[in-house]
Amino acid sequence: MDRCVLVLLLAFLTSYGVMGATLICTKPKGPTCIIKSLPSDSDSTSLQFPDLSKRTVLRIAEGKLSNLTEQLAAKLPVRELWLQGLELKSAFVAANFEKLYLRNNKLETLLTQSDPSSVSSTALKVLDVSNNMLKNCTQLAPFHQLEELYLDENQLTELRMELFVKMTQLRILSAARNGIVQIVPPTSGLEMHELTTLSLAHNRLATLQMTSWELPSLQTLLLNNNSLTEVEGLDGFERFYELQKLELAGNRWSCGWLQHALEKVRVAAAHSSPDSDGVRLDRSVDDSAGCSIDKVHGICCSFTTAVAASSKPMELFLPEIDRVREAIVQIDRRHEALRAAQAEQLKHLSATLQNALDEYLAQVTQQEDESVQLKRRAASVHSKVDQLEKSFARLDSEATTAGEVEQQRKRLLHFMVDMINKLLQQAIETDRLWVQANGARIEHDRRMETSPTSTREE
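Fair warning: this is a prediction, and the values are worked out from it, not measured in the lab.

## Here we look at the overall build of the chain
Turning to step 1, where the next piece is worked out: Within the chain, the secondary structure is distributed over six helices and 22 strands.
Turning to step 2, where the next piece is worked out: Among the 458 residues that make up the chain, the fraction classed as buried is 36%.
Turning to step 3, where the next piece is worked out: Put simply, 48% of the contacts in the chain that link residues at least 6 apart link residues at least 24 apart.
Turning to step 4, where the next piece is worked out: Summed over all atoms, the accessible surface of the chain reaches about 27000 Å², with 52% contributed by carbon and sulfur.

## Observations regarding the state of the cysteines
Turning to step 1, where the next piece is worked out: By the definition in use, this model includes two disulfides.
Turning to step 2, where the next piece is worked out: Linked covalently through their sulfurs, cysteine 25 and cysteine 33 form a disulfide whose S-S length is 1.9 Å. In this structure, the disulfide formed by cysteine 25 and cysteine 33 twists by about -95° around the S-S bond and is classed as left-handed.
Turning to step 3, where the next piece is worked out: Residue cysteine 33 is classed as buried on the basis of its relative accessible area, which comes to 0%.

## Remarks on the pattern of salt bridges
Pairs can form between side chains of opposite charge once their charged atoms are near each other.
Turning to step 1, where the next piece is worked out: For the coordinates displayed, the defined rule picks out twelve salt bridges.
Turning to step 2, where the next piece is worked out: A salt bridge links glutamate 147 to arginine 171, with the shortest nitrogen-to-oxygen separation between them at 3.8 Å. With glutamate 147 in the loop between strand E10 (126-128) and strand E11 (148-150) and arginine 171 in the loop between strand E12 (158-160) and strand E13 (172-174), the pair connects residues that are 24 residues apart, well separated along the chain.
Turning to step 3, where the next piece is worked out: Note on arginine 171: relative accessible area 29%, which makes it partly exposed.

## Some points on a nonpolar patch on the surface
Turning to step 1, where the next piece is worked out: Together, Leu412, Phe415, Met416 and Met419 give the surface a local cluster of nonpolar side chains, amounting to about 370 Å² of exposed area.
Turning to step 2, where the next piece is worked out: With respect to the helices and strands, the residue leucine 412 is situated in helix H6 (residues 371-457).

## Topic: the side chain of asparagine 132
Turning to step 1, where the next piece is worked out: Along the chain, asparagine 132 turns up in the loop between E10 and E11.
Turning to step 2, where the next piece is worked out: A distance of 3.2 Å separates the side chain of asparagine 132 from the backbone nitrogen of asparagine 105, its partner in a polar contact.
Turning to step 3, where the next piece is worked out: Within the structure, the side chain of asparagine 132 is placed 3.1 Å from the backbone oxygen of serine 130, a separation counted as a polar contact.
Turning to step 4, where the next piece is worked out: Not counting the four nearest positions on each side in its chain, asparagine 132 is found in contact with Leu102, Arg103, Asn104, Asn105, Lys106, Leu107, Glu153 and Asn154.

## Regarding the sheet that holds strand E5 (residues 67-68)
Turning to step 1, where the next piece is worked out: Strand order in this open sheet of three strands is E5-E7-E9, and the pairing throughout is parallel. Across the chains shown, the open sheet's two edge strands, defined by having one partner strand only, are E5 and strand E9 (109-111).
Turning to step 2, where the next piece is worked out: With two bridges connecting them, E5 and strand E7 (residues 90-92) associate as parallel partners. Residue pairing for E7: asparagine 67 is matched across the bridge by serine 90.

## A closer look at the confidence of the model for the chain
Turning to step 1, where the next piece is worked out: On average, residues of the chain carry a pLDDT of 84, and 83% of them reach 70 or more.
Turning to step 2, where the next piece is worked out: Note that residues 4-20 has pLDDT below 50 and, in this model, 13 contacts with residues that lie over four places away or in other chains.
Turning to step 3, where the next piece is worked out: In this model residues 305-314 is a low-confidence stretch, pLDDT under 50, and it forms twelve contacts with partners more than four residues away in sequence or in other chains.

## Details of the pairing of strand E4 (residues 57-62)
Turning to step 1, where the next piece is worked out: As judged from the five bridges shared by strand E3 (residues 32-37) and E4, these two strands associate in the parallel manner. Bridged to serine 37 within E4 is glutamate 62.
Turning to step 2, where the next piece is worked out: Pairing of E4 with strand E6 (residues 80-82) involves three bridges; the strand directions are parallel. Pairing of leucine 58 across the sheet is with leucine 81, part of E6.

## Digging into unusual backbone geometry
Turning to step 1, where the next piece is worked out: Backbone geometry at asparagine 104 places phi at a positive 60°, although glycine is not the residue there.
Turning to step 2, where the next piece is worked out: The exposure class of asparagine 104 is partly exposed, given its relative accessible area of 39%.
Turning to step 3, where the next piece is worked out: The backbone of serine 212 shows a phi angle near 65°, a positive value even though the residue is not glycine.
Turning to step 4, where the next piece is worked out: Turning to its location among the elements, serine 212 is positioned in the loop between strand E16 (197-199) and strand E17 (213-214).
Turning to step 5, where the next piece is worked out: Judged by relative accessible area, which is 43%, serine 212 ranks as partly exposed.

## Examining the sheet that holds E13
In a beta sheet, neighbouring strands pair by backbone hydrogen bonds and run either parallel or antiparallel.
Turning to step 1, where the next piece is worked out: Spatially, eleven strands are ordered E3-E4-E6-E8-E10-E11-E13-E16-E18-E19-E20 in an open sheet, and the strand pairing comes out parallel. For this open sheet the edge positions go to E3 and strand E20 (280-282), each flanked by a neighbour on one side alone. Pairwise comparison of adjacent strand axes, ignoring direction, gives a mean angle of 5° for this sheet.

## Topic: the packing of aromatic side chains
Turning to step 1, where the next piece is worked out: Taken as a whole and judged by the stated rule, the model has three aromatic pairs.
Turning to step 2, where the next piece is worked out: Ring centres of phenylalanine 237 and tryptophan 257 lie 5.9 Å apart, and the angle between their planes is 80°; this geometry places the pair in the edge-to-face category. Pair noted here: phenylalanine 237 is in the loop between strand E18 (220-222) and strand E19 (245-247) and tryptophan 257 is in helix H3 (residues 255-261), with a separation of 20 residues, a long-range link.
Turning to step 3, where the next piece is worked out: For phenylalanine 237, a relative accessible area of 1% gives the class buried.

Criteria and cut-off values
- Residues numbered from 1 in each chain as written.
- Predicted model: local features only at pLDDT ≥ 70, side-chain atom pairs only at ≥ 80, totals over all residues.
- Heavy atoms only, no water.
- Helix = DSSP H or I, 4+ residues; strand = E, 2+ residues; numbered from the N terminus.
- Buried < 20%, exposed > 50% of the residue type's maximum accessible area, 1.4 Å probe, protein only.
- Contact = heavy atoms within 4.5 Å.
- Areas by Shrake-Rupley, 256 points an atom, 1.4 Å probe, with all protein chains shown as cover.
- Disulfide = S-S within 2.5 Å.
- Salt bridge = Lys/Arg side-chain N within 4 Å of Asp/Glu carboxyl O.
- Patch = residues over 30% accessible without salt bridge, like charges linked within 9 Å, V, L, I, M, F, W, Y side chains within 5 Å.
- Polar contact = N/O pair within 3.5 Å; in protein donor to acceptor, adjacent residues only side chain to side chain.
- Pairing = 2+ DSSP bridges.
- pLDDT = per-residue confidence, 0-100.
- Axes fitted to C-alpha atoms, helices over the stretch in contact; angles between N-to-C directions.
- Phe/Tyr/Trp six-rings, centres within 6.5 Å; stacked < 30°, edge-to-face > 60°.

Set out below in structure tokens:
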């Protein structure tokens, strides 16, 4: 009887993958070892893992592990390691790890071998540390072989692109939802020939400098939900000729810059299939929000001036710019009012047509025996119907024409704003040249005054 109880107890412990501090895999064979749970009353030093010499993947489903130490990592000769949701605070990256999934922890530190000569042997290709507590990326420097890097939902405020210069095989770089306020460009340009996906969405970026960024394989660029007005050093998104998906909504774009940046980009139609030609431009955020000024390809934007606010000549044009903005708002309001009035007229015409048809049917029912009179009235009704349809077509044509006129006026106002900005810049440049010429004239007069004096003294 006692032996039966002991066997049942051992079977129970075995089924949960725990027997003391010894862990077992759910399946005795195969490349993947899944451990259901870690013992709650053990530390990393007391954990006894099964033989993993013939396994390539280790996944721990649940439990708590504060630190993945170098001693513990030495017991894990696998290439792929999953330690998600275990409340990890630090993790040692062993040289044999190729794929490391550490999301949903409390990770603050990533450690590698202290011997500098061993850094080159780091084989890590995929690193997922999303939803952790990382505050800087400098500890990622040893991982030159990375192909995929996921840094989403951490506590990063700055991202230095110099860090990724040596990661020549990097294909995916995602750093969304961090609160990043600054992207520091590398000192000598950035060449990432294998990068296909770059996500900087849902941060706090007000500026982004992409001068001398070479990303010839870029297919997905996510910049949505920041505070960007333009991307410095980027004349147009056509630079990324492999681009397939672009998300820009939820920013503070300058209409002039955004129009120019997308001018040569072939934008796919809204709700088109992923296989359709052109760049898929996600505008869902701005579609649901009212734009204060205008939209470019469905992306909200506004008018901004390129000259610093401290420039005195700028004050001369501020009233004109404000009037132009107010005029655009008034045009939008009149356009909406016109559309509402036209809709009301069309509704009235439809009701009139329906009433005429109802009268006709009533007359047919009441005067079935008066065939001649019925035909005459039917012809009259048909004539009225034709007149109403012609009126309907005329109003529809007038509505289309009015919409085009309003759109042309809006474009003219856009052009006026751009011309004002250019005139302002020319005025500032003229003023600067005048100051230089005046200084030269004063210097010349001073020299002329001193020249006769020198002659008399001789």
